[in-house]
Amino acid sequence: MTQPRPTVLDHLDEVAVVQLTQQLVRLPTVAVAGADAVEAPAAAVVTGLMRGFGWSVTVTEVAPGRPNVVAVVQGTGPGRTLMFEGHSDVVTPGDPADWSFDPFGGDIVDGHLRGRGSADMKGGVAAMIHAARAVELAGFAGRIVIGVLADEEGLMLGVKHFAASPAASGIDGVIVCEPEGGEICPVSKGAIRLRVDVQGRMAHGAMPQNGINPLPVIARLVLGLAELQEQLSERYPAHPDLGPFYLTPTVLSAGHPEQVNVIPALASVHLDLRTIPGIDHRGLIEVIALLADQIAAESGARAVVTVIDDRPPVDLDRSAPVVRALVAAHEQVGDSPVVFGGVPGTTDGTILTRDAGLSTVVYGPGGKWIAHQADEFVEVADLLRCARVYAVAATHFLASA
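Okay, so let's go over this structure. Everything quoted here is computed from the prediction, not taken from an experiment.

Parameters at a glance
Residues numbered from 1 in each chain as written. Predicted model: local features only at pLDDT ≥ 70, side-chain atom pairs only at ≥ 80, totals over all residues. Heavy atoms only, no water. Helix = DSSP H or I, 4+ residues; strand = E, 2+ residues; numbered from the N terminus. Rg over C-alpha atoms; globule rule 2.2 N^0.38 Å. Buried < 20%, exposed > 50% of the residue type's maximum accessible area, 1.4 Å probe, protein only. Contact = heavy atoms within 4.5 Å. Areas by Shrake-Rupley, 256 points an atom, 1.4 Å probe, with all protein chains shown as cover. Lys, Arg positive; Asp, Glu negative; His and termini not counted. Charge placed at Lys NZ, Arg CZ, Asp CG, Glu CD. Pairing = 2+ DSSP bridges. Axes fitted to C-alpha atoms, helices over the stretch in contact; angles between N-to-C directions. Salt bridge = Lys/Arg side-chain N within 4 Å of Asp/Glu carboxyl O. Core = buried A, V, L, I, M, F, W, Y, C linked by side-chain atoms within 4.5 Å. Phe/Tyr/Trp six-rings, centres within 6.5 Å; stacked < 30°, edge-to-face > 60°. Lys NZ or Arg CZ within 6 Å of the ring centre and 35° of its normal. Polar contact = N/O pair within 3.5 Å; in protein donor to acceptor, adjacent residues only side chain to side chain.

Scanning the protein chain from terminus to terminus reveals nine helices and 18 strands. Its C-alpha atoms give the protein chain a radius of gyration of 23 Å, within 12% of the compact-globule value 21 Å for 401 residues. Taken over 401 residues, the protein chain has a buried fraction of 52%. A separation threshold of at least 6 residues defines the contact pool for the protein chain, and within that pool the share at least 24 residues apart is 81%. Accessible surface, the protein chain as shown: approximately 16,900 Å² in total, 54% of it carbon and sulfur. Between the centroid of the 27 positive side chains of the protein chain and the centroid of its 45 negative side chains there is a distance of 4 Å.

Here it is, written out as structure tokens:
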């Protein structure tokens, strides 16, 4: 039996959802070294739009040219507070020759809205803004917070600033509008970024006995870390929605490339760890530090482990109100069965959970694996489906207080 169309959808401007996505995709909000502004052009667009709706909008620079935009929509009476969250920065398109179309064209071909950020995640931003507007026009009790934040693709400066601010208080649930291929994702992998520096002693390449070469130490450490990953994978089997734990060396550096006849005094390796619920981050970092110390000491070197960032996994129960609201909305207006999944990376939701204790679930338009690739696109049908689900989910969540 077909369910009746939710009234809130009569107020959803689907044409505006598509047009805003195109407008945002055409703004190259890529974080590049030396840029005077990154997210500022997109922030100006969404600020003007939301102020035009009559919403209370706060713009806060978390770094030069990198503003957070936070809007508050007040309902007709007291109730729950729902937050929609997205980011306005995008990763580099890379070599334009790798693309079969303009990375910032924002055109629509065969139902695909194309360009960098179309899925990750300017489509989600456009959908959530207009979904919130539809809820407001339909009438609701409670409060909606819309966060269009900066620097998700970097060190997450925007969400860290927001989570530490009074604006994060009193929020009962968060829908992070990242692309997840139609899956409802209450769980996300954690991430630890480490740098291991090995201090040796410089010497002439012809007289290595006079130095302490840190490079073999790094090599042995990388092998030891591979063994550690295997051990931990046996202790912590792959998560049904997130997959296995990963410990990946990503960057190696040492000495000066033009000085091939010099044993360097210092070598470094960066590590990207992707954790699943149950793995203790503090204990894992301590194990890696002990392993590095032991291997370095065997060669007379010294190892120092620096934590660059530490983001724990998100493990929200499927019975949480914000998850139940999304499930109900997807069942009501979606065109596919409800599928639960997990976020293979981390999102701003990770920080909202870690730093502000908020209940976060990820759900948004675009394929789960399309982000950061050439020829990025979002299907217009998917974009509009998510906008409808957001509007109905908000109605369910706010009405259940």
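Read on for the rest.
Further remarks concern the sheet that holds strand β13 (residues 266–275). As summarised here, the arrangement of the four strands in space is β11-β13-β9-β14, forming an open sheet in which the pairing is antiparallel. Taken across any chain shown, the strands that pair with only one partner, and hence form the sheet edges, are β11 (246–254) and β14 (302–311). When strand polarity is set aside, the average angle formed by the axes of neighbouring strands in this sheet is 20 degrees. In this structure, strand β9 (residues 190–199) lies alongside β14, joined through nine bridges in antiparallel fashion.

Side chains that differ in sign of charge can pair as their charged atoms come close. Within this structure, the stated rule accounts for 18 salt bridges. Between glutamate 14 and arginine 388 there is a salt bridge whose closest N-O contact spans 2.7 Å. A residue pair is termed long-range when its members are at least 10 positions apart, and glutamate 14 in helix α1 (residues 14–25) and arginine 388 in helix α9 (residues 380–399) qualify at 374 residues. Of the charged contacts in the structure, one is a salt bridge between arginine 116 and glutamate 376, with a shortest N-O distance of 2.7 Å. On the criterion of sequence distance, the pair formed by arginine 116 in the loop between β5 (112–114) and α3 (118–138) and glutamate 376 in the loop between β17 (360–362) and β18 (377–379) is long-range, its members being 260 residues apart. Each member of the pair, arginine 116 as well as glutamate 376, is classed as buried.

On the basis of which strands lie adjacent, the open sheet formed by three strands has the order β4-β5-β18 and antiparallel pairing. Both edges of this open sheet fall to β4 (108–109) and β18, since each of them pairs with a single strand only. Against the sheet, α1 contacts β4 and β5, and its axis sits at roughly 25 degrees relative to β5. On top of the sheet, α3 reaches β5 and β18; it is set at about 50 degrees to β18, its chief contact.

If you look at the biggest cluster of nonpolar residues, it comprises 66 residues, and the most contacted ones within it are Trp55, Phe84, Ile129, Ile146, Ile175 and Tyr390. Of all the elements in the fold, those that place two or more residues in this core are α1, α2 (40–52), β2 (66–74), β3 (81–87), α3, β6 (143–149), α7 (321–333) and α9. Once you skip the residues sitting within four places of it in the chain, isoleucine 146 turns out to touch Met50, Trp55, Val69, Val70, Ala71, Val73, Phe84, Met128, Ile129 and Ala132. Residues Leu228, Ile279, Ile288 and Ile295 belong to the second largest nonpolar core, which totals 30 residues.

We now examine the packing of aromatic side chains. Tallied over the entire structure, the rule returns four aromatic pairs. Between phenylalanine 84 and tyrosine 390, the ring centres sit 5.6 Å apart and the planes meet at 55 degrees, which makes this aromatic pair tilted. Residue phenylalanine 84 is located in strand β3, and its partner tyrosine 390 is located in helix α9; the two are separated by 306 residues in the primary sequence. Taking the centre distance of 5.5 Å and the plane angle of 85 degrees together, the rings of tryptophan 99 and phenylalanine 101 count as edge-to-face. By the burial criterion, tryptophan 99 is buried, and phenylalanine 101 matches it. Ring pairing ties together the aromatic residues Phe84, Tyr363 and Tyr390, which thus form one cluster. Taking the ring centre of phenylalanine 397 as reference, the NZ or CZ of arginine 80 above it sits at 4.7 Å. Stacked on the ring of phenylalanine 340, the Lys or Arg arginine 318 has its end atom at 4.1 Å from the ring centre.

Further remarks concern unusual backbone geometry. A cis amide bond links aspartate 120 with the next residue in sequence, methionine 121, at an omega value of -5 degrees. Tracing the sequence through the fold places methionine 121 in helix α3. For aspartate 151, which is not a glycine, the phi torsion comes out positive at approximately 65 degrees. Position of aspartate 151 relative to the elements: it lies in the loop between β6 and α4 (157–163). Judged by relative accessible area, which is 5%, aspartate 151 ranks as buried. Of note, the phi angle at aspartate 375 is positive, near 60 degrees, even though the residue is not glycine. With respect to the secondary-structure elements, aspartate 375 resides in the loop between β17 and β18.

All of the buried residues in helix α8 (residues 348–356) are Asp348, Gly349, Thr350, Ile351 and Leu352. The backbone nitrogen of glycine 349 has a side-chain oxygen 2.9 Å away, supplied by the residue at the start of α8, namely threonine 347. The first or second residue beyond α8 is glycine 357, which carries a positive phi of 70 degrees.

A word on the pairing of β3. The buried count for β3 comes to seven of seven residues, which makes it a mostly enclosed element. Side chains Thr81, Met83, Glu85 and His87 of β3 all project onto a buried face; the interleaved residues Leu82, Phe84 and Gly86 project onto the opposite face, where all are buried too. Bridge count for β3 against β6 is seven bridges, and the pairing is parallel. For glycine 86, the partnering residue across the bridge sits in β6 and is valine 148. Sheet topology note: the β3/strand β7 (residues 173–176) ladder contains four bridges and is parallel. Counterpart to leucine 82 in the pairing with β7 is glycine 173.

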